[in-house]
Amino acid sequence: MLSKTHITLGMASALILTCPETVPGVITAVAGGALGGWVVDVDAQNKKRRQNKRRVREAAWIKVLCGVFVGAVLILDCAVGGGMFRYVTGHWGVAVGAGLLGFLLLLIAGSRTEHRTFTHSLLGMALFCGAVRFACRPAAVPFLIGYASHLAADLLNLRGVQLLFPVRWFPSLKICRSDGRANQILFWVTLGLSAAVGAILLGTALSAVPA
């Protein structure tokens, strides 16, 4: 699946499975699910040499848009004094700093690996989720759900993922192409679900706030 689909799938999965009851909780689920769904493909740049220029430009724009979206959600979280902002500022210290540094180092390491290897593995998921748990515990579960949804979706593709990295085994259900019709359908379905479920949860959370 393409990055935009993994992001909407991550958001929808995190919102549905966590069912947050507060506005900060909804924001955290959206941000954590989106980031977890996207970060797995930090290694995707290593397949660009096999793509045409149009695909490369599209992938670059998707990354920019994803970055802007996640950034906007984080700014919104800060504006409402949300769970992520409050946790990081209230718990700043060795653990939070180590989590942020670990996440950055994992991003760098992941970007240097072959596509669908380390970051697409259970080991990669454990390390990334561990870093997020130290850096921002409220986002840990949504991030885990988004990450897991990415791995599950990629198992449907014709090309497998190195799920048990470093073991050279690439399981695949070989059901669809990563950029085919199934990807388009899943993108629009999960985008609609994210919007609908997010709106319902936000409405419920706002109605519960004392006047």
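Quick note: structure is the one above.
Reading the values: the criteria
Residues numbered from 1 in each chain as written. Predicted model: local features only at pLDDT ≥ 70, side-chain atom pairs only at ≥ 80, totals over all residues. Heavy atoms only, no water. Helix = DSSP H or I, 4+ residues; strand = E, 2+ residues; numbered from the N terminus. Expected span 1.5 Å × (residues − 1). Buried < 20%, exposed > 50% of the residue type's maximum accessible area, 1.4 Å probe, protein only. 1 Å grid on protein atoms, 1.4 Å probe; cavity = no way out; pocket = protein on both sides within 12 Å on 5 of 7 lines; lining within 4 Å. Points joined across faces, edges and corners; volume = space filled by probe spheres on them. Nonpolar A, V, L, I, M, F, W, Y, C, P; charged D, E, K, R; others polar. Contact = heavy atoms within 4.5 Å. Polar contact = N/O pair within 3.5 Å; in protein donor to acceptor, adjacent residues only side chain to side chain. Patch = residues over 30% accessible without salt bridge, like charges linked within 9 Å, V, L, I, M, F, W, Y side chains within 5 Å. Areas by Shrake-Rupley, 256 points an atom, 1.4 Å probe, with all protein chains shown as cover. Salt bridge = Lys/Arg side-chain N within 4 Å of Asp/Glu carboxyl O. Core = buried A, V, L, I, M, F, W, Y, C linked by side-chain atoms within 4.5 Å. Phe/Tyr/Trp six-rings, centres within 6.5 Å; stacked < 30°, edge-to-face > 60°.

(A) Structural detail: helix α1 (residues 3–18). Spanning 16 residues, α1 covers 22 Å between terminal C-alpha atoms, matching the ideal 22 Å at 1.5 Å per step. Every buried residue of α1 is accounted for by Ser3, Thr5, His6, Ile7, Thr8, Leu9, Gly10, Met11, Ala12, Ser13, Ala14 and Leu15.

(B) Structural detail: unusual backbone geometry. Of note, the bond from Phe165 into Pro166 is cis; its omega dihedral lies within 30 degrees of zero at 10°. Tracing the backbone shows Pro166 in the loop between α7 (140–154) and α8 (181–207). One non-glycine residue, Cys19, lies in the positive phi region at around 45°. One can find Cys19 in the loop between α1 and α2 (23–39). You will see that Lys174, though not glycine, has its phi angle at about 50°, which is positive.

(C) Here's a closer look at the layout of surface pockets. Quantified by volume, the second largest pocket comes out at close to 450 Å³. Forming the walls of the second largest pocket are 22 residues, and the residues nearest its centre are Leu35, Leu74, Met84, Leu100 and Cys136. Residue assignment for the lining of the second largest pocket shows that the elements contributing at least two residues are α2, α3 (53–79), α4 (83–90), α5 (94–111) and α6 (122–135). With 5 residues, the single largest contributor to the lining of the second largest pocket is α5. For the lining of the second largest pocket, the residue count by class is 18 nonpolar, 3 polar and 1 charged.

(D) Geometry of the side chain of Ser13. Tracing the sequence through the fold places Ser13 in helix α1. The contacts of Ser13, once residues within four sequence positions are left out, are Ile145 and Ser149.

(E) Layout of α2. A rise of 1.5 Å per residue sets the reference length of α2, with its 17 residues, at 24 Å; its end C-alpha atoms lie 24 Å apart and thus fit the reference within 8%. Across the 17 residues of α2, 12 count as buried, placing the element largely inside the fold. For α2, the complete set of buried residues consists of Val26, Ile27, Thr28, Ala29, Val30, Ala31, Gly32, Gly33, Ala34, Gly36, Gly37 and Val39. Among the residues of α2, the N-terminal cap falls to Thr22, whose side-chain oxygen and the backbone nitrogen of Gly25 are separated by 3.0 Å.

(F) Main features of a nonpolar patch on the surface. A grouping of Ile16, Leu17, Ile185, Val189 and Leu193 is seen on the molecular surface, where their side chains present a nonpolar patch of about 450 Å² in accessible area. Secondary-structure elements contributing two or more residues to the nonpolar patch are α1 and α8. With 3 residues, the top contributor of residues to the nonpolar patch is α8.

(G) Just the nonpolar core, in detail. Ranked by size, the top nonpolar core spans 34 residues in total, and within it Leu15, Val39, Phe103, Phe128, Phe143 and Tyr147 carry the most contacts. In terms of residues, this core owes the most to one element, α2, which gives 7 residues.

(H) The packing of aromatic side chains, seen in detail. Under the defined criterion, the tally for this structure stands at 6 aromatic pairs. With a centroid separation of 5.5 Å and an interplanar angle of 80°, the aromatic rings of Phe103 and Phe128 are classed as edge-to-face. Of the two residues, Phe103 sits in helix α5 while Phe128 sits in helix α6, which places them 25 residues apart along the sequence. The pair formed by Phe103 and Phe128 is uniform in burial state, with each residue classed as buried. When the ring of Phe118 is compared with that of Phe165, the centres are 5.6 Å apart and the planes differ by 65°; the resulting orientation is edge-to-face. Taken together, the residues Phe118 in the loop between α5 and α6 and Phe165 in the loop between α7 and α8 connect sequence positions 47 residues apart. Overall, the relative accessible area of 8% leaves Phe118 in the buried class.

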